[in-house]
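Descriptive analysis of the structure
Each chain is listed here by its residues.
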Amino acid sequence: MQIVKFIAGLIFWSSVATLIYTYIGYPLLLAAVSRLRARPVRRQVSWTPVVTIIITAYNEELDL
């Protein structure tokens, strides 16, 4: 019976730790990493993006 309580407690506290890391730990980790590894944004004045449009159609013949 003692092992069941231990496993249940382990699962519970692992779940709590995962939630805390998800909502608090990960954003703090991202903020710390972004301060340590800041990269400047390279700006290009005359840059035009390329756009491709693909239309998939099957058996689209006009029936009269």
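Above this text you will find the structure in question.
Here goes a summary of the coordinates provided. Note that the structure is predicted; figures quoted are calculated from it, not measured.

1. Focus on the overall build of the protein
Check the secondary structure of the protein and you find one helix and zero strands. In summary, the protein has a C-alpha radius of gyration of 27 Å against a globular reference of 11 Å for 64 residues, an excess of more than 25%. In terms of overall dimensions, the protein has C-alpha extents of about 75 × 50 × 15 Å along its principal axes. Within the protein, buried positions represent 0% of all 64 residues.

2. Digging into the packing of aromatic side chains
Applying the stated criterion across every chain, the model contains two aromatic pairs. For the ring pair F12 and W13, a centre distance of 4.9 Å and an interplane angle of 75° mean the geometry is edge-to-face. For W13, a relative accessible area of 57% corresponds to the exposed category.

3. Digging into the environment of P27
Examined against the element boundaries, P27 turns out to sit in helix α1 (residues 2–36). By relative accessible area, P27 is classed as partly exposed at 40%. Beyond its immediate sequence surroundings of up to four residues, P27 is in contact with Y21 and T22.

What counts and how
- Residues numbered from 1 in each chain as written.
- Predicted model: local features only at pLDDT ≥ 70, side-chain atom pairs only at ≥ 80, totals over all residues.
- Heavy atoms only, no water.
- Helix = DSSP H or I, 4+ residues; strand = E, 2+ residues; numbered from the N terminus.
- Rg over C-alpha atoms; globule rule 2.2 N^0.38 Å.
- Buried < 20%, exposed > 50% of the residue type's maximum accessible area, 1.4 Å probe, protein only.
- Phe/Tyr/Trp six-rings, centres within 6.5 Å; stacked < 30°, edge-to-face > 60°.
- Contact = heavy atoms within 4.5 Å.

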